[in-house]
Amino acid sequence: MTYAPWTRRALAATAGLGLAASLAACSDGGGGDDTVLVGLITKTETNPFFVKMQEGAEAAAEENGVTLQTFSGEYDGDNETQVQAVENLIAAGADGILITPNDSAAIVPVLDRARAAGIMVIALDTPTEPADAVDATFATDNFRAGELIGQWAAQRFEEEGEEPRVAMLDLNPNQIAVDVARDQGFLQGLGVDIADPGEIGDEDDPRIVGHDVTEGAEEGGRTAMENLLQRDPDLNLVYTINEPAAAGAHEALVAAGRAEDVTIVSVDGGCPGVDNVAGGVIGATAMQFPLDMAAMGVEAVVEYSATGELPEPAEGADFVDTGVELITDQAVEGLESRDGAWGQENCWG
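This section reports on the structure supplied with the text. In this text, all values refer to a predicted model and were calculated from it rather than measured experimentally.

1. Concerning the environment of Phe138
- Here Phe138 is to be found in strand 5 (residues 136–139).
- Sequence-wise, Phe138 and Val320 are 182 residues apart; in three dimensions their C-alpha atoms are separated by 4.8 Å.

2. Looking at the pattern of salt bridges
- All told, the structure shown has 11 salt bridges when counted by the stated rule.
- Where Arg115 meets Asp135, a salt bridge forms, and the shortest distance between an N and an O atom there is 3.0 Å. With Arg115 in helix 4 (residues 108–116) and Asp135 in the loop between strand 4 (120–124) and strand 5, the pair connects residues that are 20 residues apart, well separated along the chain.
- By relative accessible area, Arg115 is classed as partly exposed at 29%.
- In this structure, the salt-bridge partner of Arg156 is Glu160, at a minimum N-O distance of 3.0 Å.

3. Examining the pairing of strand 2 (residues 67–72)
- With respect to burial, strand 2 is a largely interior element, six of its six residues being buried.
- On strand 2, burial covers both faces: Thr67, Gln69 and Phe71 on one face and Leu68, Thr70 and Ser72 on the other are all buried.
- Both strand 1 (residues 37–42) and strand 2 contribute to a ladder of six bridges, which runs parallel. Its bridge partner being in strand 2, Leu37 is matched across the sheet by Thr67.
- Handedness of the crossover joining strand 1 and strand 2 through helix 2 (residues 48–64): right-handed.

4. Some thoughts on the packing of aromatic side chains
- Taken as a whole and assessed by the stated rule, the structure comprises three aromatic pairs.
- With a centroid separation of 5.0 Å and 80° between ring planes, the pair formed by Phe49 and Trp348 is classed as edge-to-face. Here Trp348 lies in the segment after helix 11 (340–346) and Phe49 lies in helix 2, a separation of 299 residues in the sequence. Across the pair, Trp348 and Phe49 agree in class, each one buried.

5. Some words on the sheet that holds strand 3 (residues 96–99)
- If you trace the six strands from one edge of the open sheet to the other, you get 2-1-3-4-5-11, paired in parallel fashion. At either margin of the open sheet sits one strand with a lone partner, and together these are strand 2 and strand 11 (320–321).
- The sheet contact formed by strand 5 and strand 11 spans two bridges and is parallel. What sits directly across from Ala139, in strand 11, is Asp321.
- The strands that helix 3 (residues 79–92) touches are strand 1, strand 2 and strand 3; relative to strand 1, the one it contacts most, it runs at about 175°.

6. Brief notes about the sheet that holds strand 12 (residues 325–328)
- On the basis of which strands lie adjacent, the open sheet formed by six strands has the order 7-6-8-9-10-12 and mixed pairing. Edge positions in the open sheet fall to strand 7 (208–213) and strand 12, since each of these has one partner strand only. Sheet twist, expressed as the mean angle between neighbouring strand axes with direction ignored, is 15°.
- Strand direction decides the pairing type here: strand 10 (residues 284–287) and strand 12, joined by four bridges, are antiparallel. Each residue of the ladder has a partner; that of Ala286, found in strand 12, is Leu326.

7. Some points on the layout of surface pockets
- The space that makes up the largest pocket amounts to roughly 870 Å³.
- Taken together, 39 residues make up the lining of the largest pocket; nearest its centre are Asn47, Asp76, Leu171, Gly216 and Asn242.
- Of all elements in the fold, only helix 2, helix 6 (177–190), helix 8 (243–255) and helix 9 (271–278) reach the threshold of two or more residues within the lining of the largest pocket.
- With four residues, the top contributor of residues to the lining of the largest pocket is helix 9.
- Considered class by class, the residues forming the lining of the largest pocket number 15 nonpolar, 14 polar and 10 charged.
- The space that makes up the second largest pocket amounts to roughly 340 Å³.
- Along the wall of the second largest pocket there are 19 residues; nearest its centre are Ala259, Glu260, Val262, Thr263 and Gly280.
- When contributions to the lining of the second largest pocket are tallied by element, the ones reaching two or more residues are helix 5 (142–159), helix 8 and strand 9 (263–268).
- The biggest single contributor to the lining of the second largest pocket is helix 5, with three residues.

8. Overview of the packing of helix 7 (residues 218–231) against helix 8
- Contact geometry of helix 7 with helix 8 gives a least axis separation of 6 Å together with a crossing angle of 45°. Between helix 7 and helix 8, the angle is such that the two are oblique. As for how helix 7 packs across helix 8, the hand of that crossing is right-handed. Contacts between helix 7 and helix 8 involve Glu218, Gly221, Arg222, Met225, Glu226 and Leu229 on the former and, on the latter, Pro244, Ala245, Ala247, Gly248, Ala249, Glu251, Ala252 and Leu253.
- Among the residues forming the contact of helix 7 with helix 8, the class breakdown is eight nonpolar, two polar and four charged.

9. A word on the environment of Leu310
- Considering the arrangement of structural elements, one finds Leu310 in the loop between helix 10 (290–307) and strand 11.
- Leu310 sits in the partly exposed class, given a relative accessible area of 35%.
- In this structure, the C-alpha to C-alpha distance between Leu310 and Asp135, residues 175 residues apart in sequence, is 7.4 Å.
- In this view, Leu310 contacts Met120, Asp135 and Tyr304; residues no more than four positions away in its chain are not counted.

Cut-offs used in this document
- Counting of residues starts from 1 at the beginning of each chain's written sequence and follows it residue by residue.
- Residues qualify for local features only when their pLDDT is at least 70, as the model is predicted, and side-chain atom pairs are given and counted only at 80 or more; totals for whole chains, interfaces and linings, by contrast, use all residues.
- The basis for every side-chain value is the complete set of non-hydrogen atoms in the structure, without hydrogens or water.
- Segments assigned H or I by DSSP are reported as helices when at least four residues long, segments assigned E as strands when at least two residues long, and all are numbered from the N terminus.
- We define a salt bridge as a side-chain nitrogen of Lys or Arg found within 4 Å of a carboxyl oxygen belonging to Asp or Glu.
- Categorising residues by exposure relies on relative accessible area from a 1.4 Å probe, with only protein chains included: less than 20% of the type maximum marks a residue as buried, more than 50% marks it as exposed, and the intermediate range marks it as partly exposed.
- Two strands pair if DSSP finds at least two bridges between them.
- With the strands aimed away from the viewer, a crossover counts as right-handed if its path from the first strand over the helix to the second runs clockwise.
- Each Phe, Tyr or Trp ring (for Trp, its six-membered ring) is paired with any other whose centre lies within 6.5 Å, and the angle between the two planes then decides the class: stacked below 30 degrees, edge-to-face above 60, tilted in between.
- Between two residues, a contact is recorded if the distance between any of their heavy atoms is within 4.5 Å.
- Angles shown run from 0 to 180 degrees and are taken between the N-to-C directions of axes, each axis being a line fitted to C-alpha atoms and, for helices, limited to the stretch in contact.
- Within this scheme a cavity is a closed region of a 1 Å grid, computed over the protein atoms alone, that accommodates a 1.4 Å probe without allowing it to escape, whereas a pocket is open but has protein on both sides within 12 Å along at least five of seven lines; lining residues each have an atom within 4 Å of a point.
- Grid points are joined across faces, edges and corners, and a volume is the space filled by probe spheres set on the points.
- Classification convention: Asp, Glu, Lys, Arg as charged; Ala, Val, Leu, Ile, Met, Phe, Trp, Tyr, Cys, Pro as nonpolar; all other residues, Gly among them, as polar.
- Put simply, angles under 35 degrees are roughly parallel, angles over 145 are roughly antiparallel, angles from 65 to 115 are roughly perpendicular, and the rest are oblique.
- Put simply, a crossing is left-handed when the front helix is turned counterclockwise from the back one by less than a right angle, and right-handed when it is turned clockwise.

Next up, the structure:
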């Protein structure tokens, strides 16, 4: 299946369409006999990543004459509200459901009911457990995203003749798939032997100072960075699960007088994070494309409704890869990247 490219310019007109409230649909009722009805269920309605995802769904729905209903959890981790949203869409006779699961396993029983009712179900960004609980997954290759910033860091430190001492700022103790993939991808890119690629923290490498969790938030990044600085005041490389955690880590490094001699790498591609790349706070980040995920998801439901054709996953993967770009103003030889100016033109949030 071929998907039309989506750009910030092409979607500028959709920015005023508004955000969905939790369990409040942006569109009225079902789509009727001749109109495809698609439901979009995000983890929250406030995170800029999901705001951009909704913009992509709205633009694709308008382009394809689709009726779109949007829902969200009340907070990150709110499975109950997402379950209710799926049940509402089953009752409405939806043709397709796009969902970023708050709980990859707990959401599966209601998704099974939706598929049994003939509804196409697509996971966006976060896979379900098991992955085949949905008809398709559109997501960033998070292992590759981590690997890119790891390769960049390895090359930078080699060029400077310096041995990295690495603080790992992960998401939370649950070790969800996205968290594990980014962490392990980074370590592999850096040249660390990973033991079990499905488990965080089991590597045995003296370059790794330690791991701490951030909940993907600025405050959590600051606290985790403080903790790891106490463990090793001479650390010089910081991996963060996302850019808000990176911002918090930077604050802690500034307070400790270490900001100038510690390199931070991250994943996301949000506009504040890309601005921090341009400003020298983050050395490199890996940009993902939430707008494309949702737009491609809507188009996939339209295609399936017309032909019964399911999207093809990436070769050797169980998801459709929506792309990732390395963003840095310190390019290294042999590793393709985009600069901060390009990142600012294409970021989200």
